[in-house]
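Residue-level structural notes
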Amino acid sequence: MFGVIVNSLAVAAGGLVGMLIGKGIPEKIKETVFTGLALCVMLIGISGAIKGQDTILIIMSIVIGAIIGEIIDIDLRLRKLGDSIQSKFQGKHGKFSEGFVVSTLLMCIGAMAIVGPLESGLTGNNSTLFAKSVIDGCSAIILSSTYGIGVVFTGVSLFIYQGLIALSAAFIKGILVQSVITNITAVGSLLILGLGFNMLNLTKIKVANLLPAVLVPFVYQLILGWF
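Structural notes, computed from the coordinates.

Calculation criteria
Residues numbered from 1 in each chain as written. Predicted model: local features only at pLDDT ≥ 70, side-chain atom pairs only at ≥ 80, totals over all residues. Heavy atoms only, no water. Helix = DSSP H or I, 4+ residues; strand = E, 2+ residues; numbered from the N terminus. Rg over C-alpha atoms; globule rule 2.2 N^0.38 Å. Buried < 20%, exposed > 50% of the residue type's maximum accessible area, 1.4 Å probe, protein only. Phe/Tyr/Trp six-rings, centres within 6.5 Å; stacked < 30°, edge-to-face > 60°. Axes fitted to C-alpha atoms, helices over the stretch in contact; angles between N-to-C directions. Parallel < 35°, antiparallel > 145°, perpendicular 65-115°, else oblique. Left-handed = near helix turned anticlockwise from the far one by under 90°. Contact = heavy atoms within 4.5 Å. Nonpolar A, V, L, I, M, F, W, Y, C, P; charged D, E, K, R; others polar. Expected span 1.5 Å × (residues − 1). Patch = residues over 30% accessible without salt bridge, like charges linked within 9 Å, V, L, I, M, F, W, Y side chains within 5 Å. Areas by Shrake-Rupley, 256 points an atom, 1.4 Å probe, with all protein chains shown as cover. Salt bridge = Lys/Arg side-chain N within 4 Å of Asp/Glu carboxyl O.

**A word on the overall build of the chain**
For the chain, the count of helices and strands is 11 helices and zero strands. For the chain, whose C-alpha radius of gyration is 17 Å, the value lies close to the compact-globule estimate of 17 Å for 227 residues. Each of the three principal axes of the chain carries a C-alpha extent, and together these read 60 × 35 × 30 Å. Residue burial in the chain is summarised as follows: out of 227 residues, 47% are buried.

**Some points on unusual backbone geometry**
Even without being glycine, aspartate 73 reaches a positive phi, approximately 60°. Topologically, aspartate 73 is positioned in the loop between helix H3 (55-72) and helix H4 (74-86). Among the residues examined, aspartate 73 registers a relative accessible area of 21% and is labelled partly exposed. A positive phi is found at asparagine 201, a non-glycine position, where the angle reads about 60°. If you trace the backbone, asparagine 201 turns up in the loop between helix H10 (178-199) and helix H11 (216-226).

**Observations concerning the packing of aromatic side chains**
Under the definition given, this model contains one aromatic pair. Note on phenylalanine 2 and phenylalanine 130: the rings are 6.0 Å apart at their centroids and 85° apart in plane angle, and the pair reads as edge-to-face. With phenylalanine 2 in helix H1 (residues 2-22) and phenylalanine 130 in helix H7 (residues 127-147), this residue pair connects regions lying 128 residues apart in the sequence.

**Topic: the packing of helix H2 (residues 27-49) against H7**
At a minimum axis distance of 10 Å, the contact between H2 and H7 shows a crossing angle of 130°. Taken together, H2 and H7 sit at an angle that is classed as oblique. Note that H2 runs across H7; the crossing there is left-handed. For the pair H2 and H7, contact is made by Lys30, Val33, Phe34 and Leu37 and by Ser139, Ile142, Leu143, Ser145, Thr146 and Tyr147, respectively. A per-class count over the contact of H2 with H7 returns six nonpolar, three polar and one charged.

**Re helix H5 (residues 96-108)**
In a regular helix each residue adds 1.5 Å, so 13 residues correspond to 18 Å; H5 covers 18 Å between its end C-alpha atoms and thus fits that length. Counting buried residues in H5 gives 12 out of 13 residues, a clear majority hidden from the surface. Regarding H5, the residues found buried are Phe96, Ser97, Gly99, Phe100, Val101, Val102, Ser103, Thr104, Leu105, Leu106, Met107 and Cys108.

**Points about a nonpolar patch on the surface**
Together, Ile56, Ile59, Met60, Val63, Ile64, Ile67, Ile68, Ile71 and Ile72 make up a nonpolar patch on the protein surface, roughly 810 Å² of accessible area in all. Relative to the helices and strands, methionine 60 is located in helix H3. For methionine 60, a relative accessible area of 40% translates into the label partly exposed.

**Things to note about the packing of H1 against H7**
At a closest axis distance of 7 Å, the pairing of H1 and H7 adopts a crossing angle of 25°. Here H1 is positioned roughly parallel relative to H7, judged by the angle of their axes. The handedness of the crossing between H1 and H7 is right-handed.

If you want it as structure tokens, here you go:
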């Protein structure tokens, strides 16, 4: 769990640093840097998506995930959570809900967010999470300079998400074979790509409502194991 704690604190610290230095950065510079970050996010999404091994499973994952996500309306619930947290503070802190949702999706989706806590929980090896901490911390600086304090609270959601994976690592080790991790990463990368389009204001995809898609390859492998 040590690596999970470090990762969460790195995001919170990066978010605070971004808020402090963001006030002194000209708006045009922040806008250009943010656009560059969005392009990097899209690159991460593309590079991960093309590694998928089972195209049919990936397509079905997106379809099933979209149906479940829309029924639950995860996007609305996340934004309500962000609004609820924001209401605890006095004054305005930028685009709180948007920052919370964007940064949470960006840092909780992807191979490192799965493999890192798995390694930590199974072997105590935190090297992947330490590397992810550096990446997430830098991303949090840029994001919070635009979105504000909502990015800081991503540290909490990241701790809960990765903490649960680390604690349950011994139970799911046999199911998370390499093919499952690869397909989960491919599905998650498609969501990250959608997030990049949103950051560039090209689309308004409800990426959060597609989150259940990430679990479909895991459930599929679980069903195969039963038979």
